[in-house]
Amino acid sequence: MAKLVTIYGGSGFVGRYIARRMAKAGWRVRVAVRRPNEAMFVKPYGVVGQVEPILCNIRDDASVAVAMKGADAVVNCVGTFDQFGKNNFDAVQYEGAERIALTAVKQGISKLVHISAIGADENSESVYAQTKAQGEAAILAHIPDAVILRPSVIFGHEDEFFNRFAGMSRFAPILPVVGGETKFQPVYVDDVAQVAEKAVLGSIDAGVYELGGPDVATFKSLMGDMLSVIRRRRAIIDIPFVIAKLMAFGGRAAQVLSLGVLSPPITADQVLSLKTDNIVSEGSKGFSDLGIVPKDYAAILPDYLWRFRPSGQYDAIKVSARNLKV
């Protein structure tokens, strides 16, 4: 019988790409998610019955254990940007990660791949970064041979980075950013999935890998490149951190007063995160150690950001029409 991998958060942005790759590699894939009815789109990644969504909440010991039962390998893709809800930083990124590792040990599973993030640091000002580091430490304490992947900002068709700002640019003459000079190293989602696949297959050594694309650019530069792709001219305004903190405070107050109906455009913890460069650290293991050449964001963005152009899918046709000779 084909081997089985359980992917926690397997219907999420990164998880779905890992699920697709593992199915193509011939593995049975169990996609453990809180809302399996909303994850049915993963089933066509393989033949009938090869990829199956299953109910799981990583805050619950029993559901984590059931989702892992009989698995040969485990991948944890679950993360959150929610600092205050039930599925907060501690519950998901620290306690949830440790619960998965402990369950794997109890079930005799030694192959575990964990998706973390560049910047994971227990001494960081950001609680997000602290809990990412705590989750890593908890996993390695129980499974020393685990593979930890730390990607920079991840881009791809379903991303919440370029898509979000491209969407904002449709409605305003300016594009506000916080930490405009902060550096990022965008990494393509399927490149991250490829490393995860190699880790599950046992073709890479255990340890921590920092994954960044071939280009390092400031936040403002990335937004400029994005605007060029969607053919819109917008003024990119760099909001000072002091003002951003006030905006975050106001957004949080509105969220509380509206009982969660309103979401803040930026949180205080995100403001803290944006003060630090999000790039691969010197001397860390990464793509070059794995024989993988990561894709350039400039080559991928046009494949999915075209819908934000003034005329969407017809934009190229209109440009071509202007060049026609009558």
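Details of the structure are given in the entry above.
Model, not experiment: these values are computed from the prediction. Position numbers for residues count from 1 along each chain, tracking the sequence in the order it is written. The predicted nature of this model means local features are confined to residues of pLDDT at least 70 and side-chain atom pairs, given and counted, to a pLDDT of 80 or more, with totals for whole chains, interfaces and linings taken over all residues. Side-chain metrics in this entry use all non-hydrogen atoms of the structure; hydrogen atoms and water are not considered.

Engineer: Account for a positive patch on the surface, with residues named and values stated.
Structural biologist: Judged by side-chain charge, Arg34, Arg35, Arg59 and Lys86 come together as a positively charged surface patch. Here a strand is any run of E in DSSP of at least two residues, a helix any run of H or I of at least four, and the numbering for each starts at the N terminus. Here lysine 86 is to be found in the loop between strand S4 (73–76) and helix H3 (89–106). Patches here: salt-bridge-free residues with over 30% relative accessible area, like charges joined within 9 Å, nonpolar side chains (Val, Leu, Ile, Met, Phe, Trp, Tyr) joined within 5 Å. Computed by Shrake-Rupley with a 1.4 Å probe, the accessible areas treat only the displayed protein chains as cover when residues are assessed. Between Lys or Arg on one side and Asp or Glu on the other, a salt bridge is scored when a side-chain nitrogen of the former is within 4 Å of a carboxyl oxygen of the latter. The charge count treats Lys and Arg as positive and Asp and Glu as negative. His and the chain ends do not count. Just so you know, the charge point we use is NZ for Lys, CZ for Arg, CG for Asp and CD for Glu.

Engineer: Any details on a nonpolar patch on the surface? Residues and values, ideally.
Structural biologist: There is a patch of nonpolar side chains on the surface, built from Val242, Ile243, Leu246 and Met247 and spanning about 390 Å² of accessible area. Take methionine 247: it is sitting in helix H8 (residues 241–257). Here methionine 247 falls in the partly exposed class, since its relative accessible area comes to 33%. Relative accessibility thresholds used throughout: buried, under 20% of the residue-type maximum; exposed, over 50%; partly exposed, between the two (1.4 Å probe, protein chains only).

Engineer: Go over the side chain of arginine 150 with me, naming the residues and quoting the values.
Structural biologist: Along the chain, the position of arginine 150 falls in strand S6 (residues 147–151). On the basis of relative accessible area, arginine 150 is assigned to the buried category, the value being 16%. Residues are treated as being in contact if the distance between any of their heavy atoms lies within 4.5 Å. For arginine 150, the contacting residues outside a window of four places in its chain are Ser116, Ala117, Ile118, Ala120, Glu136, Val208, Tyr209, Glu210 and Leu211.

Engineer: How would you summarise the environment of glycine 12 if you had to cite specific residues and measurements?
Structural biologist: With respect to the helices and strands, glycine 12 occurs in the loop between strand S1 (4–8) and helix H1 (13–24). When the C-alpha atoms of glycine 12 and alanine 244 are compared, they prove to be 28 Å apart, with 232 residues separating the residues in sequence.

Engineer: So, helix H2 (residues 61–68): which residues are in play, and what are the values?
Structural biologist: Structural remark: α-helix, 3.6 residues per turn; residues separated by three or four positions point the same way. Residues of H2 that are buried: Ser63, Val64, Ala67 and Met68. Along the axis of H2, the buried residues cluster in a sector spanning 130°; they form a single face. Looking at the packing, one finds that the buried side of H2 touches S1, strand S2 (28–33), strand S3 (51–55), S4 and H3. Positioned one or two residues after H2, glycine 70 has a phi angle of 80°, which is positive. Each direction from the helix axis to a C-beta atom contributes to the arc, which is the arc of those directions.

Engineer: Talk me through the sheet that holds S6; I want residue IDs and the actual numbers.
Structural biologist: On the basis of which strands lie adjacent, the open sheet formed by seven strands has the order S3-S2-S1-S4-S5-S6-S11 and parallel pairing. Only two strands of the sheet have a single partner each, and these edge strands are S3 and strand S11 (207–211). Each neighbouring strand pair of the sheet contributes to a mean axis angle of 20°, computed without reference to strand direction. Where S6 lies against S11, five bridges are found, and the strand directions are parallel. The pairing criterion for strands is at least two bridges between them, as found by DSSP. Throughout, an axis means a line fitted to C-alpha atoms (over the contacting stretch in the case of helices), and angles, computed between N-to-C directions, take values from 0 to 180 degrees.

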